Amino acid sequence: MLVIRRRAGESIEIGGSIVIRVLDTAASRVTLGIIAPQEVPVLRSEIRDQNEAAARGVTPAAIDDLVRRLRGGK
Amino acid sequence: MPVLETTNFGSLTYEPSEVYYFPVGIPAFEDEHQFLLLEQDTTRPVMFLQSTKTPSLAFLTLPVAELDAGYAMEVPPQDQALLAAGEGSARSLIALALLTVSGQTVTANLRAPVLLSPGSRRGVQSIPAESDYSSQHLVPPRRQESGGR
């Protein structure tokens, strides 16, 4: 992994068409501005992780259990 | 009519016109472009998104209104374009939260709902840049009715 130190207001370029600028820094959070071509998806990593978790473990038994719980045990 | 042998729902016969096309897939499943929305009386309000390409791939979902009656979001312009739903059609979109089951805990991603346009038969997982909704909204179990288990 390439590690680069940047301050607020500084940026990095990737591949000539993607720019990531550090807009603000706080104690535990960094605000980034991202310029990328429209065809390049920009995604918070946790969305991908959550989708993988959502798809994992979907089984007929899990579906039955979930439906029973959400329908009040009917 | 095509017949789909699924891992979780057995054999499904469907009309090609029922398929929702996801132009960019779903994050982590970018190669999955076609899903069926399965609604069954016996499982309502839970609905399922079943891939037509991968028999084992299905998502458990709940309509966002089931979790938050006042749910509202602004559909980003790029998602409006992907849905090809036309102007003023936002009200006709189906908004579904993907559910994650982990043991006895069920969470719903209200931050990034899957939007379906019944008119254009297109779908997208919409991920607003900013949102007050949680991506891990706790889904409480309904109370059992008296005389239940």
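The shown structure was predicted, so the numbers you read here are calculated from the model rather than taken from an experiment.

Here's the deal with the environment of Thr25(A)
Residue and element names in this part refer to chain A.
And step 1. Here Thr 25 lies in strand β2 (residues 18-25).
And step 2. For Thr 25, a relative accessible area of 42% corresponds to the partly exposed category.
And step 3. Spatially, the C-alpha atom of Thr 25 lies 6.3 Å from that of Ala 8, the residues being 17 residues apart in sequence.

Structural notes on the confidence of the model for chain B
And step 1. Residue-level pLDDT values for chain B average 89, and 92% of them are 70 or greater.
And step 2. We note a pTM of 0.85 for the whole complex and an ipTM of 0.86 for its interfaces.

Digging into empty space enclosed by the protein
Residue and element names in this part refer to chain B.
And step 1. In this structure the tally under the stated criterion is 1 cavity of 30 Å³ or more.
And step 2. Approximately 50 Å³ is the volume attributed to the largest cavity.
And step 3. The element that contributes the greatest number of residues to the lining of the largest cavity is strand β7 (residues 94-102), accounting for 3 residues.
And step 4. Partitioning the lining of the largest cavity into residue classes produces 7 nonpolar, 2 polar and 1 charged.

Regarding the pairing of strand β5 (residues 47-51) of chain B
All names here are of chain B.
And step 1. Of all the 5 residues making up β5, 5 are buried; the element is thus mostly covered by neighbouring parts of the structure.
And step 2. Bridge count between strand β4 (residues 34-38) and β5: 4 bridges; the pairing is antiparallel. Bridging from a neighbouring strand, Phe 35 pairs with Ser 51 of β5.
And step 3. Here 4 bridges tie β5 to strand β6 (residues 58-63), and the two strands are oriented antiparallel to one another.

Overview of helix α1 (residues 45-55) of chain A
And step 1. Turning to α1(A), its buried residues number three or more, namely Ile47(A), Gln50(A), Asn51(A), Ala54(A) and Ala55(A). For α1(A), the arc enclosing every buried residue in end-on projection is 130°, short of the 170-degree limit, so these residues lie on one face.
And step 2. Residues of α1(A) that are buried in the fold lie against β6, β7, β8 (105-117) and β9 (122-125) of chain B.
And step 3. Trailing α1(A) by a residue or two, Gly57(A) shows a phi angle of about 80°, which is positive.

Criteria and thresholds
Residues numbered from 1 in each chain as written. Chains lettered and ligands numbered in written order. Predicted model: local features only at pLDDT ≥ 70, side-chain atom pairs only at ≥ 80, totals over all residues. Heavy atoms only, no water. Helix = DSSP H or I, 4+ residues; strand = E, 2+ residues; numbered from the N terminus. Buried < 20%, exposed > 50% of the residue type's maximum accessible area, 1.4 Å probe, protein only. pLDDT = per-residue confidence, 0-100. 1 Å grid on protein atoms, 1.4 Å probe; cavity = no way out; pocket = protein on both sides within 12 Å on 5 of 7 lines; lining within 4 Å. Points joined across faces, edges and corners; volume = space filled by probe spheres on them. Nonpolar A, V, L, I, M, F, W, Y, C, P; charged D, E, K, R; others polar. Pairing = 2+ DSSP bridges. Arc of directions from axis to C-beta. Contact = heavy atoms within 4.5 Å.

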